[in-house]
Amino acid sequence: MKIRVDPDKCQGHARCYGLAPEIFDVDDYGQASVIVDEVPPELEEKARLAVANCPEYAIEIVSD
Amino acid sequence: MAQTAPVSDWASDFDVMDPQYLADPFSIWDSLRETCPIPHTNRRKSSWMPLRYDDVTAIAHDIEHFSSLKVAVIPADEDEDPNENFDGPNLEYGLPPISADPPLHTWTRRLLLPWFSHKRVDSYVPLTRDLCRHLLDGFSDAGHADAAGDYAQQIPVRVIAGILGVSPDLSDTFTGWVRDILEFADDAERRQRGAEGLLNYFLSQLEERRSRPGDDLLSELLTTEVDGKPVDDGIVLGMAALVLIAGVDTTWSAIGSSLWHLASHPEDRRRLVAEPGLMPTAIEELLRAYAPVTMAREVTQDFEYHGCPMKKGDKVLMNFPAANRDPDAFADPDIVQLDRAHNRHVAFGSGIHRCAGSNLARMELQVALEEWLTRIPEFSLAEGEQITWAGGQVRGPRVLPVVFP
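Fair warning: this is a prediction, and the values are worked out from it, not measured in the lab.

**Describing empty space enclosed by the protein**
So, step 1. Inspection of the entire model under this criterion finds 5 cavities of 30 Å³ or more.
So, step 2. Approximately 100 Å³ is the volume attributed to the largest cavity.
So, step 3. In terms of residue class, the lining of the largest cavity is made up of 10 nonpolar, 4 polar and 2 charged.

**A short note on the environment of B:Thr374**
All names here are of chain B.
So, step 1. Considering the arrangement of structural elements, one finds Thr 374 in helix H16 (residues 358-375).
So, step 2. Since its relative accessible area comes to 64%, Thr 374 is described here as exposed.
So, step 3. Separated by 14 residues in sequence, Thr 374 and Leu 360 place their C-alpha atoms 21 Å apart.
So, step 4. One polar contact links the side chain of Thr 374 to the main-chain carbonyl oxygen of Glu 370, over a distance of 2.7 Å.

**Let's talk about unusual backbone geometry**
Residue and element names in this part refer to chain B.
So, step 1. Note that the residue after Pro 96, namely Pro 97, is joined by a cis bond; omega there is 5°.
So, step 2. In this structure, Pro 103 follows Pro 102 across a cis peptide bond, with omega equal to 10°.
So, step 3. The phi dihedral of Arg 44 falls on the positive side, at around 65°, and the residue is not glycine.
So, step 4. Positionally, Arg 44 belongs in the loop between strand E1 (40-41) and strand E2 (47-48).
So, step 5. Within the chain, Asp 332 stands out as a residue other than glycine whose phi angle is a positive 45°.
So, step 6. Position of Asp 332 among the secondary structure elements: in the loop between helix H15 (320-323) and H16.
So, step 7. Accessibility expressed as a relative area gives 48% for Asp 332, which makes it partly exposed.

**Quick word on the side chain of B:Gln153**
So, step 1. Mapping B:Gln153 onto the fold places it in the loop between helix H7 (147-151) and helix H8 (155-164).
So, step 2. B:Gln153 has contacts with B:Ala148, B:Thr175 and B:Trp252, leaving out every residue within four places of it along the chain.

**A few points about the interface of chain A and chain B**
So, step 1. Contacts between the two partners involve 19 residues from chain A and, on the opposite side, 24 residues from chain B.
So, step 2. The junction of chain A with chain B conceals about 1800 Å² of combined surface from both sides, 45% of it contributed by carbon and sulfur atoms.
So, step 3. Area buried by chain A at its contact with chain B is led by A:Gln11, A:Arg15 and A:Tyr29, which between them contribute 31% of it.
So, step 4. We note a salt bridge from A:Asp25 to B:Lys119, for which the minimum N-O separation is 3.9 Å.

**Things to note about helix H3 (residues 53-61) of chain B**
So, step 1. Among all positions in H3(B), only B:Tyr53, B:Asp55, B:Val56, B:Thr57, B:Ile59 and B:Ala60 are buried.
So, step 2. Residues of H3(B) that are buried make contact with strand E3 (66-67), strand E8 (303-305), strand E10 (315-318) and H15 of chain B.

**Details of the confidence of the model for chain B**
So, step 1. Across chain B, the average pLDDT comes to 94, with 97% of residues at 70 or higher.
So, step 2. As a predicted assembly, this complex carries a pTM of 0.96 together with an ipTM value of 0.97.

**Focus on the side chain of B:Arg209**
Residues and elements named next belong to chain B.
So, step 1. With respect to the helices and strands, Arg 209 occurs in helix H10 (residues 188-211).
So, step 2. For Arg 209, a relative accessible area of 6% gives the class buried.
So, step 3. Setting aside anything within four residues of it in sequence, one finds Arg 209 in contact with Leu 164, Gly 165, Val 166, Gly 214, Asp 216, Leu 218, Ser 219 and Leu 222.

**Focus on helix H4 (residues 104-112) of chain B**
Residues and elements named next belong to chain B.
So, step 1. Those residues of H4 not exposed but buried are Leu 104, His 105, Thr 108, Arg 109, Leu 111 and Leu 112. Along the axis of H4, the buried residues cluster in a sector spanning 155°; they form a single face.
So, step 2. Looking at the buried positions of H4, the neighbouring elements they touch are helix H11 (217-223), strand E5 (225-226) and helix H12 (233-264).

**Considerations on the layout of surface pockets**
So, step 1. Approximately 710 Å³ is the volume attributed to the second largest pocket.
So, step 2. Around the second largest pocket sit 27 residues that line it, and A:Gly18, B:Pro280, B:Glu284, B:Arg362 and B:Gln366 are the ones nearest its centre.
So, step 3. Put simply, the parts of the chain that give the lining of the second largest pocket at least two residues each are helix H1 (15-19) and helix H2 (44-53) of chain A together with helix H5 (118-123), helix H6 (125-137), helix H14 (279-289) and H16 of chain B.
So, step 4. In terms of residue count, H16(B) provides more of the lining of the second largest pocket than any other element does, 5 residues in total.
So, step 5. When grouped by side-chain class, the residues that make up the lining of the second largest pocket number 12 nonpolar, 8 polar and 7 charged.

**A look at the environment of B:Ile38**
Residues and elements named next belong to chain B.
So, step 1. Here Ile 38 is to be found in the loop between helix H2 (25-35) and E1.
So, step 2. A relative accessible area of 7% means that Ile 38 is categorised as buried.
So, step 3. Expressed as a C-alpha distance, the spacing of Ile 38 and Met 49, which sit 11 residues apart in the sequence, is 5.2 Å.
So, step 4. Leaving out residues up to four positions away in the same chain, Ile 38 has contacts with Trp 48, Met 49, Pro 50, Asp 55, Tyr 305 and Cys 308.

Conventions and cut-offs
- Residues numbered from 1 in each chain as written.
- Chains lettered and ligands numbered in written order.
- Predicted model: local features only at pLDDT ≥ 70, side-chain atom pairs only at ≥ 80, totals over all residues.
- Heavy atoms only, no water.
- 1 Å grid on protein atoms, 1.4 Å probe; cavity = no way out; pocket = protein on both sides within 12 Å on 5 of 7 lines; lining within 4 Å.
- Points joined across faces, edges and corners; volume = space filled by probe spheres on them.
- Nonpolar A, V, L, I, M, F, W, Y, C, P; charged D, E, K, R; others polar.
- Helix = DSSP H or I, 4+ residues; strand = E, 2+ residues; numbered from the N terminus.
- Buried < 20%, exposed > 50% of the residue type's maximum accessible area, 1.4 Å probe, protein only.
- Polar contact = N/O pair within 3.5 Å; in protein donor to acceptor, adjacent residues only side chain to side chain.
- Contact = heavy atoms within 4.5 Å.
- Buried area = accessible area lost by both parts, 1.4 Å probe.
- Salt bridge = Lys/Arg side-chain N within 4 Å of Asp/Glu carboxyl O.
- pLDDT = per-residue confidence, 0-100.
- Arc of directions from axis to C-beta.

Shown next as structure tokens:
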């Protein structure tokens, strides 16, 4: 699975980081980013949770 | 306090300070969402109040039609000078970035955000935990406490004082000023007193930092440069005041409401004690169900929004708490489900004004509940004792008597 954060939509709620710090980081200004090239299978469920909890709809699954 | 006539028609004459709304806004939202999801009032000022998730978030993102220059839910009189007796720098920009639109919003927000990054917030955890334990030491053997006044109210103000670099000994005074400004805003005299007290205090603190800078937020604002120039004194003062105002009533209300929930829902309380790993998910659910903050926007031009004829200068009350209870966005929204997996709540707002202190608020709420539940796992509302709720801009319990073994 590949996912990305749309930097124009992200407003720094940090819900993704709270749910899956293994997949996301958030910088000092609240900008989230994906820190893995591929989401390992055991973390896919967490990635989907992050997508479903982002208040800005800023996270998308690029390929499943 | 201005007395307002009882509301008989919530669709065309709502009042967020009405006793019925303070006691139970939830059922009012539920019936309005079905019949009139954007009610209007002419009380105080022509104002609209979107209640659906999609409307609240759409308006929060439409900064062209909805400005943040005036964010107070209870507006001041048009001809009232908010700073009549204040002899300091010009506060024409209010409290940026909350009361600002881009571009002022953008750069003032960037100055504040690093102070509330998750890494920085992690460094405030030990202090917060010690503070909670110390407060619990004060009453955990007594068998009863005011969970709002003795506990919730005491936590965020002291953490924020540490960040600002001002004395935590003045916490009760800070809390008084902030409540005057936010909760008693219908009382012009009281609002004025709170604003003057707070502004004059920060003015003297800034003067002190100018000669003896420290490693606190106030000192950084004074020494930082933007585009090669120091930040205007009025903007520094507004930002300092904002951090205190926004960091006190809000988080205290969230902690208080959460303790009210756990006191009155023993099955949830026992589950949280038995499954501490559930805490982060539970925190988000408590924030959703008891989101404390309603903000305002100002309509920038006459236009029609979903059939509502909005006029330039009208107020829009951004009812994030009501959005969080919208059945179109959340299954069984009035039921607290501590393990709710899909929870796109907007307790911290939405769009460019997302609460800059959200990481701090979450941490304080989590540490406050963890420490309370560790020390007092069993507690309930004290029978026959009055609970009082504040509402309007910030909703939460102000007196919350609880008993425990």
